[in-house]
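Architecture and fold: a report
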Amino acid sequence: MDKIKCKKCQKEFYYDLQGTVYPGGKFDEDIECPYCGEINETVMTSQFVIIKKIDNDL
Ligand SMILES: [Zn+2]
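Residues numbered from 1 in each chain as written. Predicted model: local features only at pLDDT ≥ 70, side-chain atom pairs only at ≥ 80, totals over all residues.

1. Focus: the overall build of the protein
Under the convention used in this document: Comment: elements are numbered from the N terminus, with helices defined as DSSP H or I runs of at least four residues and strands as E runs of at least two. With C-beta atoms placed from the backbone, a residue counts as buried when 20 or more other C-beta atoms lie within 10 Å of its own, as exposed when 12 or fewer do, and as partly exposed for counts between those limits. Throughout, a residue-residue contact means that the two C-beta atoms, derived from backbone geometry, are no farther apart than 7 Å.
For the protein, the helix and strand inventory stands at zero helices and five strands. For the protein, the proportion of its 58 residues judged to be buried stands at 5%. Partitioning the contacts of the protein with sequence separation of at least 6, the portion at a separation of at least 24 is 52%.

If you want it as structure tokens, here you go:
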């Protein structure tokens, strides 16, 4: 799991890739900020992108 900071709203969130890796089945998956919806990165993968907020309010 990787932590990135949104280039637009500057909030941090986690993303992870899950699922089967297989050749020839790659699609663009957007890594979208869960707070403001900004697309921070696009990865070519056959996996699913999981986005998790970092909840600092607990
Ligand atoms: Zn954002």
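2. A word on the pairing of strand E1 (residues 2-5)
The condition is simple: Two strands qualify as a pair provided DSSP detects at least 2 bridges between them.
With four bridges joining them, E1 and strand E2 (residues 12-18) adopt antiparallel strand pairing. When the sheet's bridge partners are listed, Lys-3 is paired in E2 with Tyr-14. Adjacent in sequence and paired antiparallel, E1 and E2 are bridged by six residues, among which Gln-10 carries a positive phi angle near 70°.

3. Focus on the sheet that holds strand E5 (residues 48-53)
Filter applied, for reference: In this analysis, axes come from line fits to C-alpha atoms, helices being fitted only over the stretch in contact, and the angle between any two N-to-C directions falls in the range 0 to 180 degrees.
Across the sheet, which stays open at both edges, the three strands sit in the order E1-E2-E5 with antiparallel pairing between neighbours. The two strands at the open ends of the sheet, each matched to only one other strand, are E1 and E5. Strand-to-strand, the axes of this sheet are offset by a mean angle of 35°, without reference to chain direction. Alignment of E2 against E5, held across six bridges, turns out to be antiparallel. For Leu-17, the partnering residue across the bridge sits in E5 and is Val-49.

4. Observations regarding unusual backbone geometry
Here Gln-10, not a glycine, exhibits a phi torsion of approximately 70°, which is positive. Here Gln-10 lies in the loop between E1 and E2. Taking the C-beta count within 10 Å as the criterion, Gln-10 has 10 such neighbours and is therefore assigned exposed.

5. A word on the environment of Val-43
Structurally, Val-43 can be placed in strand E4 (residues 39-45). What makes Val-43 partly exposed here is the crowd of 14 C-beta atoms within 10 Å. Each C-alpha atom, one on Val-43 and one on Leu-17, is 9.8 Å from the other, the two residues being 26 residues apart in sequence. Once you skip the residues sitting within four places of it in the chain, Val-43 turns out to touch Glu-29 and Ile-31.

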